[in-house]
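Spelled out from the first residue to the last, the chains are:
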Amino acid sequence: MSLAAYVPSRTAGAAAPARRKLFLLFRIATDRYVLDAACVQQVLPLQSLKQMPGTPGWVAGMLSGLAQPVPVIDLSALAIGRPARSVTSTRIVLVDYRGDHLNAPRTLGLVLERATETIHRDPAAFVPSGLDNPGARYLGPVLNEAEGMVQWVSVEDLLPDTVQALLFPAEAEVRASDGGLSP
């Protein structure tokens, strides 16, 4: 199911100005975060995953039943060390992951809490957070709103190189076999 069909928009029926971007809104604990909806392929209900021993605790597992198995990470576990709650509003969101060392975008699943609505915002309104956190390079700029601050999450920066190589090994093998000359 596509994002537009599954997640209601706060601005349903209203045309968004050209400078505004569609975002998927979700929560980590009580904080609000967004993903650029352009990278979202599909929003699925939470479901059982095949475990992946030997990976970090925030790698939730492998999703099957699609054209090919898809690795899934739990963004709450990555960010705050607590897995996402298993409630009705927790979703598996399939995104286009364009990691630094991948030859082409790959599908990555994200377990996200309260991923049930979209919002339109002007990307230029987001400002740097003022923090330089190399352990969470996926945390991008912030936007102050009446409901509280919202932070933009960069899908491309979610996986450290070592985890990217674990989850997408064919890409790592190709790079190793050509001496790292592949883009």
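Since we're looking at a predicted model, the values are computed, not measured.

## Here's the deal with the packing of aromatic side chains
No. 1: Counted by the stated rule, this structure contains five aromatic pairs.
No. 2: With a centroid separation of 5.8 Å and an interplanar angle of 15°, the aromatic rings of Tyr97 and Phe168 are classed as stacked. Remark: Phe168 occurs in the loop between helix H3 (161–167) and helix H4 (169–177) and Tyr97 occurs in strand E6 (residues 91–97); sequence separation between them is 71 residues. Each member of the pair, Tyr97 as well as Phe168, carries the same accessibility label: buried.
No. 3: Among the aromatic residues, ring-to-ring pairing joins Phe23, Phe126 and Trp152 into one connected group.

## Some words on the confidence of the model for the protein chain
No. 1: With 83% of its residues at a pLDDT of 70 or more, the protein chain shows a mean pLDDT of 86.
No. 2: A low-confidence stretch, residues 1–13 (pLDDT under 50), is modelled with 32 contacts involving residues beyond four sequence positions or located in other chains.
No. 3: Predicted confidence for residues 172–178 stays below pLDDT 50, and this span has seven contacts to residues more than four positions away or in other chains.

What counts as what
Residues numbered from 1 in each chain as written. Predicted model: local features only at pLDDT ≥ 70, side-chain atom pairs only at ≥ 80, totals over all residues. Heavy atoms only, no water. Phe/Tyr/Trp six-rings, centres within 6.5 Å; stacked < 30°, edge-to-face > 60°. Helix = DSSP H or I, 4+ residues; strand = E, 2+ residues; numbered from the N terminus. Buried < 20%, exposed > 50% of the residue type's maximum accessible area, 1.4 Å probe, protein only. pLDDT = per-residue confidence, 0-100. Contact = heavy atoms within 4.5 Å.

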